[in-house]
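Reading the structure
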Number of protein chains: 2
Amino acid sequence: MDHSSIHRLNDDDLLQEQQHLAQVVATYNAYRRSSILVLEHKIAAIPQKPLYDQVRARLHSHIHCINHNAHLLNLITSEHQNEFLQSLLPDNGQKDETDQHNKQSNKQSNKQLDKQSNDHSQKYTQLQLKVSDDYHITEGDLSKVQSTIRQFVRDWSEEGRVERTNVYGPILDFMNLYYAHVPLQERGEIHVLIPGSGLGRLVFETVANGFSCQGNEFSMYMLLASNFILNMPERAHEFTIYPWIHSFSNIPSAANQLQAIQIPDILVSDHVPPTVSFSMVAGDFIQIYGAPNQKDQWDVVATCFFIDTAKDLTQYLAVIKHALKPKGIWINVGPLLYHFEGNADAVEFTLEEVKHLITEFGFVIQVE
Amino acid sequence: MDHSSIHRLNDDDLLQEQQHLAQVVATYNAYRRSSILVLEHKIAAIPQKPLYDQVRARLHSHIHCINHNAHLLNLITSEHQNEFLQSLLPDNGQKDETDQHNKQSNKQSNKQLDKQSNDHSQKYTQLQLKVSDDYHITEGDLSKVQSTIRQFVRDWSEEGRVERTNVYGPILDFMNLYYAHVPLQERGEIHVLIPGSGLGRLVFETVANGFSCQGNEFSMYMLLASNFILNMPERAHEFTIYPWIHSFSNIPSAANQLQAIQIPDILVSDHVPPTVSFSMVAGDFIQIYGAPNQKDQWDVVATCFFIDTAKDLTQYLAVIKHALKPKGIWINVGPLLYHFEGNADAVEFTLEEVKHLITEFGFVIQVE
């Protein structure tokens, strides 16, 4: 799978992007130390009485869990991802266009990456990510890493299957029905765009169903984690994580909080047909897909838990309309839980108003 | 209904309490101005295009709604509540003991309050609440007022009936079953304590079922609002509020966001038997009911969405055990959504651990 960015930024912006990426990597790497510190404070605050023995024993087990989680997080930011980290930085002279329609399977691309890495191991040290001097890792940063760990469950574990069936199922069913007349080996000509692709499961499921698909994601946390899980595992169930140890409310028992989850449930490279293109683009949806070169490019835009991330949904609608081919289809699933709810410059439309907007933009609602 | 406080504080603490009460009153009074300001910014940010006509019209309707809400909030902090505000301040020389077992009905107490007010109208100006110089009303303060408005729906509207039946129903059913052998006119001898009584509906339902009941609440926002709704209305459906105008996510239509709610659904004074005592105590549950004079005082302690407000539940359990009569019963309903979740000095027990603690404290679980 190819990652690239089509941002064109000036030097200041580039520096800012580099610093942001450096901060995200630093936060991933700080997970173990920070989590152990928080845990130690918590354990130290527990009174030394038999009444608290069960709690104390449970919290001591967290150390083992944190170490497992940290192992995965360290791999996500390890030197093997340096080339990918490079690609996230805009206008670095290596790439500046999305390579949407490459016909390499993910497996081939993956192998190629490994080969390059072996041949040019000095590359590992080329990437100098410098965190700005006034940067401190906040609780908010760490909670993004914790949330990434939990999202692995939803997107890449057996335990997440029911939720995936409920959320991704209707999108995949609709595409398969709509293109039922297109033979599987020709579906690679149908290009699907998935904005807000998160950890990449829906993008993967789309290509596994024979379509070509491009994911787009803004969050560096998500981009690092999705690149890892899509490309790096060598077998299913390779990694064990403990996603629930940072939540303390409504826990039935210690066994629930200490539940181990194996990821990934499936090895991506085993399920990508050679007929598809499969890519991921880093950056802002409006900037990238509102650009002139994106006009009439996509057969399908599938938005899943995405449209409520807009400050003003009309901007997303304009871009979806712009990027879709004249007979293209838009599929949407998800709530209107506005990310910028209550912000002075956010416009939060009701469902009724959203439907009105959709028709104003010339869409015809086919199925609800 | 009687309100009083049994805190004993030094001068510094008293000043702090006065300032906090002053800030809460100031926040209630700032609701209209702040809400209109926020709304005006929001409306001004909307692009001047026909696409946004529906949103703009909807937001303009909010002005009317804010005015209605502000009318209620101003009554809550009006001069008619001055005597009550006085009573919230600890050790002010007027009262320093809870008057748990007074046999006045709420109606009588209410009338008495009105009479006093008429006789001594200069009393209205006696209460000088001074906000500290460095105090600014925050978004967090305002959200507490907004949340109070929404809680009126749950506790005191027709629309909240289903939720009340689900949450308060099991508690009332259990008390009625457990004391089925006690004739209604003798149930006033059974004393029920409800910590975290919020807007007072469960306290009211308990006395309406013939039991004597004392509510305990820590939040000044809740105390002001509950005193108002329990004592001041002259008829059912007297006030109209618009509780949903400050929420912007997952709204089906304008009609939903602009829904008018009438409160109260019932006039409290019509349903308080003359055989009960009915009181409310302001302050911290552990301080007040852990005091020596509270040992073995209560036949029933009913906690509803309360136990997860503890930093360390064992402290609540110790106080419940202390305050209950030897054969007393504790009834609990609610989740373990810990208020201090993740705090270094919070101990968050699992449900399994809570059950273990309960038996360690000598409780026997009768019904689950």
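Residues numbered from 1 in each chain as written. Chains lettered and ligands numbered in written order. Predicted model: local features only at pLDDT ≥ 70, side-chain atom pairs only at ≥ 80, totals over all residues. Heavy atoms only, no water.

This part takes up the overall build of chain A. Each helix and strand counted, chain A has 13 helices and eight strands in total. When burial is assessed residue by residue, chain A has 53% of its 368 residues classed as buried. Considering only intrachain contacts with a sequence separation of at least 6, the fraction spanning at least 24 residues in chain A is 79%. In the form shown here, chain A has an accessible surface area of approximately 16,900 Å², with 51% of it arising from carbon and sulfur atoms. (Helix = DSSP H or I, 4+ residues; strand = E, 2+ residues; numbered from the N terminus. Buried < 20%, exposed > 50% of the residue type's maximum accessible area, 1.4 Å probe, protein only. Contact = heavy atoms within 4.5 Å. Areas by Shrake-Rupley, 256 points an atom, 1.4 Å probe, with all protein chains shown as cover.)

The next thing to look at is the interface of chain B and chain A. With 41 residues of chain B at the contact, the number on the chain A side is 41 residues. Approximately 3,300 Å² of surface area, both sides summed, lies buried where chain B meets chain A, with 54% of it carried by carbon and sulfur atoms. Counting the surface chain B buries against chain A, the share from its top three residues, K42, L51 and F248 of chain B, is 16%. Connecting chain B to chain A are four salt bridges. Taken together, chain B and chain A are joined by 30 residue pairs in polar contact (both at pLDDT 80 or more). Where the side of chain B that touches chain A is concerned, the elements lending two or more residues are α1 (11-45), α2 (53-76) and α13 (351-360) of chain B. (Buried area = accessible area lost by both parts, 1.4 Å probe. Salt bridge = Lys/Arg side-chain N within 4 Å of Asp/Glu carboxyl O. Polar contact = N/O pair within 3.5 Å; in protein donor to acceptor, adjacent residues only side chain to side chain.)

Right, let's get into the environment of A44 of chain A. Assignment of secondary structure puts A44 of chain A in helix α1 (residues 11-45). Here the alpha-carbon distance between A44 of chain A and V145 of chain A, two residues 101 residues apart in the chain, equals 24 Å.

What follows deals with the packing of α1 of chain A against helix α2 (residues 53-76) of chain A. In a pair of packed helices, the angle between the axes and the distance between the axes together describe the arrangement. Residue and element names in this part refer to chain A. For the pair α1 and α2, interaxial distance at closest approach is 8 Å and the crossing angle is 170°. Of the possible angle classes, the one that applies to α1 and α2 is roughly antiparallel. Seen from α1, the contacting residues are Y28, N29, Y31, R32, S35, I36, L39 and I43; seen from α2, they are R56, L59, H60, H62, I63, I66, N67, N69, A70, L73, N74 and I76. Residue classes in the contact of α1 with α2 are distributed as 11 nonpolar, seven polar and two charged. (Axes fitted to C-alpha atoms, helices over the stretch in contact; angles between N-to-C directions. Parallel < 35°, antiparallel > 145°, perpendicular 65-115°, else oblique. Nonpolar A, V, L, I, M, F, W, Y, C, P; charged D, E, K, R; others polar.)

A word on unusual backbone geometry. Most peptide bonds are trans, and most residues other than glycine sit at a negative phi. Residue and element names in this part refer to chain A. The omega torsion across I263 and P264 is -10°, close enough to zero to call that bond cis. Mapped onto the secondary structure, P264 falls in the loop between β5 (261-263) and β6 (278-282). Located in the positive-phi region is N250, a residue other than glycine, with phi close to 50°. Mapped onto the elements, N250 comes out in the loop between β4 (239-241) and α10 (254-257). Unlike most non-glycine residues, D296 shows phi in positive territory, near 55°.

Glancing now at α1 of chain B. Residues three or four positions apart in an α-helix share a direction because the helix packs 3.6 residues into each turn. The end-to-end C-alpha distance of α1 of chain B, which contains 35 residues, comes to 48 Å, matching closely the 51 Å that a straight helix rising 1.5 Å per residue would cover. Residue A30 of chain B marks the point of greatest curvature in α1 of chain B, where the axis turns by about 50°. (Expected span 1.5 Å × (residues − 1). Bend = angle between axes of the 7 residues up to and from the residue.)

Attention now goes to the relation of the copies chain B and chain A. Between the two copies of the chain lies a rotation about an axis combined with a shift along it. Note on the copies: chain B fits chain A at an RMSD of 0.0 Å, the axial shift is 0.0 Å, and the rotation between them is 180°. Expressed as a symmetry operation, the mapping of one chain copy onto the other fits a two-fold axis. Relative to the rotation axis, the C-alpha of G140 of chain B is the closest in chain B, positioned 9.0 Å from it. Same-surface contact between copies: 100% of interface residues of chain B are shared with the interface of chain A. (Least-squares fit on C-alpha atoms with pLDDT ≥ 70 in both.)

Next up on the list: the side chain of T206 of chain B. Locating T206 of chain B in the fold gives a position in helix α8 (residues 201-208). Each residue touching T206 of chain B, except ones within four places of it in the same chain, is listed here: L172, M175, V192, I194, F211 and C213 of chain B.

Attention now goes to the pairing of strand β2 (residues 191-195) of chain B. All names here are of chain B. Across the five residues that make up β2, a large majority, five, are buried. Of the two faces of β2, the one carrying H191, L193 and P195 and the one carrying V192 and I194 are both buried. The pairing of β2 with strand β3 (residues 212-217) spans five bridges and is parallel. Pairing of V192 across the sheet is with C213, part of β3. In this fold, the crossover linking β2 to β3 by way of α8 has right-handed handedness. Where β2 and strand β7 (residues 298-304) come together, two bridges link them in parallel fashion. Counterpart to L193 in the pairing with β7 is V301. (Pairing = 2+ DSSP bridges. Right-handed = clockwise from strand over helix to strand, strands pointing away.)

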